[in-house]
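For reference, the chains in residue letters:
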Amino acid sequence: MGREENHSSNKKVLVLFSTGTGSTTRIAETIARGLQDTAEITLKEIDLNRQSWPDPSGFDAVIAGSAIRYDRWLQPMSEYVKSFEMELASKPVSFFFSCLSLAGGQAGQNSARKYESWIRKLVPAIRPVDVRGFAGTLNYKAMPLWVRMPFRAAMLITGLRQGDYRNLSEIQDWASGQSRAFSRAWQTDVQNARESFPAQVPG
Ligand SMILES: Cc1cc2nc3c(=O)[nH]c(=O)nc-3n(C[C@H](O)[C@H](O)[C@H](O)COP(=O)(O)O)c2cc1C
């Protein structure tokens, strides 16, 4: 997806994602769709090629997320947000992650809370509007062989079956909520600017 023209403001939102086996792409696309009436959306995958990383400075808000591997975001997204921590700290930002823990029971919820707090600690200068986890997919075919074998063994213990656990309507609802939160934050910025420089900010 490139830039969307079907929006009612001149605000620009950057939606970023990293994926290992492909399923977080659909999550990010769903988030982008949930925001497209509010802002012009740029959707971009963050991979190891730093040359392709967009500078978030030209955007009014950013949503960034990644699949979880071994309790962490994928390396490209972790490095991206650290590289642009200061630029991101000055605008509304929301984070998300996709994982299998949220496809399971209570133990999974506890793991998801740990992922959330890991993300917050990764970039302490950023005060995110929200950090949200979504259930992802379990697709052995998409994994390299050397990952597939130990993963199957681990999933035998949890009892989780191969399948798609993404809930696209939950994801779209979350995106709509972020869109409303961003609009409020932009409004507050205008208000603050008016109070600081009353003569220069148009009413
Ligand atoms: C090597 C590997 C490690 C993973 N580690 C975790 C983990 O620590 N916690 C978790 O909840 N899910 C874990 N997962 C599950 C993925 O987060 C889940 O399958 C996600 O939907 C993958 O998204 P992607 O297809 O965009 O890479 C792991 C998956 C793989 C392949």
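Residues numbered from 1 in each chain as written. Predicted model: local features only at pLDDT ≥ 70, side-chain atom pairs only at ≥ 80, totals over all residues.

**A few points about the overall build of the protein**
- Helix and strand counts for the protein stand at 6 helices and 8 strands.
- Secondary structure elements in the protein, listed N-terminal to C-terminal, are β-α-β-β-β-α-α-β-α-β-β-α-β-α.
- Here the protein has a C-alpha radius of gyration of 18 Å; the compact-globule value for 203 residues is 17 Å, and the two agree.
- Its C-alpha atoms give the protein principal-axis dimensions of roughly 65 × 35 × 30 Å.
- Within the protein, the proportion of its 203 residues that are buried is 34%.
- In the protein, of all internal contacts separated by at least 6 residues, the share reaching a separation of at least 24 is 80%. (Helix = DSSP H or I, 4+ residues; strand = E, 2+ residues; numbered from the N terminus. Rg over C-alpha atoms; globule rule 2.2 N^0.38 Å. Buried ≥ 20, exposed ≤ 12 C-beta atoms within 10 Å, placed from the backbone. Contact = placed C-beta atoms within 7 Å.)

**Overview of the packing of helix H1 (residues 24-35) against helix H6 (residues 168-196)**
- The N-to-C vectors of H1 and H6 enclose an angle of 45 degrees; their axes lie 8 Å apart at closest approach. One way to sum up the angle between H1 and H6 is to call them oblique. Helix-helix and strand crossings are classified by hand; for H1 and H6 the assignment is right-handed. Residues Ile27, Thr30, Ile31, Arg33, Gly34 and Leu35 of H1 lie in contact with H6, whose contacting residues are Leu168, Ile171, Gln172, Ala175, Ser176 and Ser179. (Axes fitted to C-alpha atoms, helices over the stretch in contact; angles between N-to-C directions. Parallel < 35°, antiparallel > 145°, perpendicular 65-115°, else oblique. Left-handed = near helix turned anticlockwise from the far one by under 90°.)

**Description of the nonpolar core**
- Residues Val13, Val15, Leu16, Ile31 and Val62 are the most contacted members of the largest nonpolar core, which totals 47 residues.
- For this core, the leading source of residues is strand E3 (residues 61-69), giving 6 residues.
- Setting aside residues up to four positions removed in sequence, Val15 forms contacts with Ala28, Ile31, Ala32, Ile41, Leu43 and Ile63. (Core = buried A, V, L, I, M, F, W, Y, C linked by C-beta atoms within 7 Å.)

**Topic: the environment of Val13**
- One can find Val13 in strand E1 (residues 12-18).
- Ignoring sequence-local partners within four residues, the contact set of Val13 consists of Leu35, Ala39, Ile41, Phe59, Asp60, Ala61, Ile63 and Phe182.

**Some points on the environment of Ser117**
- Structurally, Ser117 is set in helix H4 (residues 106-122).
- With 10 C-beta atoms packed within 10 Å, Ser117 lands in the exposed category.
- When the C-alpha positions of Ser117 and Val131 are compared, they lie 8.9 Å apart, and in sequence the two are 14 residues distant.

**Digging into the site of the ligand**
- Around the ligand, a shell composed of 21 residues is seen, among which Gly20, Thr24, Ala67, Cys99 and Gly136 lie nearest.
- Listing elements by their share of the shell around the ligand, those giving two or more residues are E3, strand E5 (93-99) and strand E7 (137-138).
- Considering every element that reaches the shell around the ligand, the biggest residue donor is E3, with 3 residues.
- The residue makeup of the shell around the ligand, split by class, is 8 nonpolar, 11 polar and 2 charged. (Near = placed C-beta within 6 Å. Nonpolar A, V, L, I, M, F, W, Y, C, P; charged D, E, K, R; others polar.)

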